[in-house]
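Observations on the model geometry
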Amino acid sequence: MKRKTIDIITLGCSKNLVDSEHLMRQLEEAGYHVTHDTEKPEGEIAVINTCGFIGDAKEESINMILEFAQAKEEGDLEKLYVMGCLSERYLKELAIEIPQVDKFYGKFNWAELLQDLGKAYHEELHIERTLTTPKHYAYLKISEGCDRKCSYCAIPIITGRHVSRPMEEVLDEVRYLVSEGVKEFQVIAQELTYYGVDLYKKQMLPELIERISEVPGVEWIRLHYAYPAHFPMDLFRVMRERPNVCKYMDIALQHISNPMLEKMRRHVTQEETYHLIEQFRKEVPGIHLRTTLMVGYPGETEADFEELKEFVRKARFDRMGAFTYSEEEGTYAAAHYEDEIPQEVKQARLDELMSIQQGISAEQSAAKVGQCLKVIIDRLEGDYYIGRTEFDSPEVDPEVLIEQGKQKLLIGNFYQVEIINSDDFDLFGRVI
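Since the structure is predicted, the reported quantities are computational estimates derived from the model, not experimental observations.

The number of helices and strands found in the protein is 14 helices and 18 strands. Expected size for 432 residues packed as a compact globule is a radius of gyration near 22 Å; at 22 Å, the protein falls within 12% of this value. Viewed in the frame of its principal axes, the protein has a C-alpha envelope of about 60 × 55 × 45 Å. Here the protein holds 432 residues, and 55% of them are scored as buried. Restricting the contact set of the protein to residue pairs at least 6 apart, pairs at least 24 apart contribute 73%. Charged side chains of the protein number 51 positive and 78 negative; the gap between the two group centres comes to 4 Å.

Attention shifts here to the environment of Phe53. Note on placement: Phe53 falls in the loop between strand S3 (43-50) and helix H2 (55-73). On the basis of relative accessibility, which here comes to 31%, the residue Phe53 falls in the partly exposed class. Sequence separation between Phe53 and Pro41 is twelve residues; the distance between their C-alpha atoms is 25 Å. Once residues within four sequence positions are removed from consideration, Phe53 is found in contact with Cys153, Ile155 and Glu328.

Bringing the UniProt feature "binding site: [4Fe-4S] cluster 1" (unreviewed entry) in the protein into the picture now. Per the UniProt record, "binding site: [4Fe-4S] cluster 1" (unreviewed entry) is found at Cys13, Cys51 and Cys85. Spatial clustering of the annotated residues is evident: they stretch over 73 residues in sequence, but the largest pairwise C-alpha distance comes to 10.4 Å. Looking at where Cys51 falls in the secondary structure, it is placed in the loop between S3 and H2. Since its relative accessible area comes to 12%, Cys51 is described here as buried. With respect to the element layout, Cys85 can be found in helix H3 (residues 85-97). Not counting chain neighbours up to four residues away, the residues in contact with Cys85 comprise Asn16, Thr50, Cys51, Gly52, Lys107 and Ile158.

The terminal C-alpha atoms of H2 lie 27 Å apart, and with 19 residues this matches the ideal 27 Å at 1.5 Å per residue to within 8%. Where H2 is buried, its residues contact strand S1 (2-10), S3, strand S4 (79-84) and H3. Phi turns positive one or two residues past the end of H2, at Gly75, with a value near 85 degrees.

We now examine the pattern of salt bridges. With the rule as written, the count across this model stands at 44 salt bridges. With a closest N to O distance of 2.9 Å, Asp172 and Arg175 form a salt bridge. Remark: Arg175 and Asp172 occur in helix H6 (residues 167-179); sequence separation between them is three residues, near one turn of the helix. The salt bridge involving Glu184 is made with Arg222; its shortest N-O contact spans 2.5 Å. A residue pair is termed long-range when its members are at least 10 positions apart, and Glu184 in strand S9 (residues 184-188) and Arg222 in strand S10 (residues 220-226) qualify at 38 residues. Residue class for Arg222 comes out buried when judged on its relative accessible area of 0%. When salt bridges that share partners are traced, they join Glu210, Glu214, Asp234, Arg237, Glu241 and Arg242 into one network.

What follows is about the pairing of strand S6 (residues 137-141). For S6, the tally of buried residues reaches five of five residues, placing the bulk of the element in the interior. Of the two faces of S6, both are covered, the one formed by Tyr137, Tyr139 and Lys141 as well as the one formed by Ala138 and Leu140. Examined bridge by bridge, S6 and S9 share five bridges and lie parallel to one another. Paired with Leu140 across the strands is Val187, a residue of S9.

All right, on to the packing of aromatic side chains then. Under the defined criterion, the tally for this structure stands at 13 aromatic pairs. Arranged with centres 6.3 Å apart and planes meeting at 90 degrees, the rings of Tyr137 and Tyr139 form a pair that is edge-to-face. Here Tyr137 falls in the buried class, since its relative accessible area comes to 5%. The interplanar angle of 80 degrees and the centroid separation of 5.0 Å between the aromatic rings of Phe236 and Phe280 together place this pair among those described as edge-to-face. Linking Phe236 in helix H9 (residues 234-241) with Phe280 in helix H11 (residues 270-283), this pair joins segments that are 44 residues apart in sequence. When sorted by exposure, Phe236 lands in the same class as Phe280, which is buried. Taken together, Tyr152, Tyr297, Tyr325, Tyr332 and Tyr337 form an aromatic cluster joined through their ring pairs.

Cut-off values and rules
Numbers given to residues run from 1 along each chain, matching the order in which its sequence is written. At least 70 in pLDDT is required for a residue's local features to be given in this predicted model, at least 80 for side-chain atom pairs to be given and counted, and no such filter applies to totals for whole chains, interfaces and linings, which use all residues. In computing side-chain values, all of the structure's heavy atoms are included and hydrogens and water are not. Each helix corresponds to a stretch of at least 4 residues labelled H or I by DSSP, and each strand to a stretch of at least 2 residues labelled E; elements are numbered beginning at the N terminus. The globule rule used for comparison is 2.2 Å times the number of residues to the exponent 0.38, while the radius of gyration itself is calculated over C-alpha atoms. Throughout this description, buried means an accessible area under 20% of the type-specific maximum (1.4 Å probe, protein chains only), exposed means over 50%, and partly exposed covers the range between. Contacts are assigned to residue pairs that have any heavy atoms within 4.5 Å of one another. Under this rule, positive means Lys or Arg and negative means Asp or Glu; His and the chain ends count for nothing. Charge positions are represented by NZ for Lys, CZ for Arg, CG for Asp and CD for Glu. UniProt positions are given in the numbering used here, feature names are shortened, and annotations may be inferred rather than shown by experiment. Expected span of a helix, by definition, is 1.5 Å for each gap between consecutive residues, and there is one gap fewer than residues. For this document, the term salt bridge refers to a Lys or Arg side-chain nitrogen within 4 Å of an Asp or Glu carboxyl oxygen. Strands are labelled as partners when DSSP assigns at least two bridges between them. Any Phe, Tyr or Trp ring, taking Trp's six-membered ring, that has another such ring centre within 6.5 Å forms a pair; planes under 30 degrees apart are called stacked, those over 60 apart edge-to-face, and the others tilted.

Here it is in structure tokens:
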């Protein structure tokens, strides 16, 4: 056990990761050595930043807490703290069920942890972070919470109403991160397109992205987690005009059947969804769309699922994820609908949907063979440099593999790469 060392473990989404990075910077200022996502605890203190989004994520968070609680009981750890979405939602219950944890914090009061350690929170460092990502890219969180009331989603219950960060504060953080060597920004929020409505009384995402694009040193900006209803159309112009705004949009659509969209309370129709996809591709030529779809929602019929499969075939998403419905207590769906579809049916539908997408992904990857693309190098792994194009977000999207050979490439640098081969998802290339 190393004294003055704290292990931070982050579970869940990139929004949680940003919180961990801010906490790490504060702890380092307080004189601690901080490690992130270690295999086993090294220090005298551990902090687990939990996820509480769906059943699997909650189970992972609880298992991790119990694992570290056991380490504490065995004398390998002196203090154990828990923060994040799971403890925000179940703080009282967790404190009773797992008494080995010294204190539970919610998602927004983690600064109290410093106080409980006898340290001060340094307000002047509020935009500074200790990056856990490769130093050339970072996640940029522009808001918290969500005002949407999708019937299946517990996020508004956990995080509350949508709260935008002031534009100048976001820009200050971008400038700080650029000074630290960041070139690529993954702009994230629970709901990007609502940005600014609470502060400025109108959607301000297009203006924010335009202003970020003007900061010297920002080479790529990629947008995550948009909502299809009331999409800010001026964003198309920004994506078209600004070369450092990647032609990439992550927009969770969930379903295409009108009965399902209505039951999910998505406030968008099948016709509007198809039209929005058409607008994306017309207004921003070459754009790559990532979406997430849900199967097994209460009442989903075979006819609904057939519509969803046809949607995947027609829309030909460049990137797609899918998951099975998980009932979340406190949501409208949990209160009003019976989760009656058997898990094996849900899983079969998921497998079938992803099989369709796998074929589409393979065709789209093959279509890139012969093209020359701008690629950023993330790491060296075995005999290959691993990079990404502007159409690929870290960890979730395809990668470009470049054989090491005699040429030494620099991590975090951009190269022009000719694509020479592909498989179902990844590309293979050579620097030109």
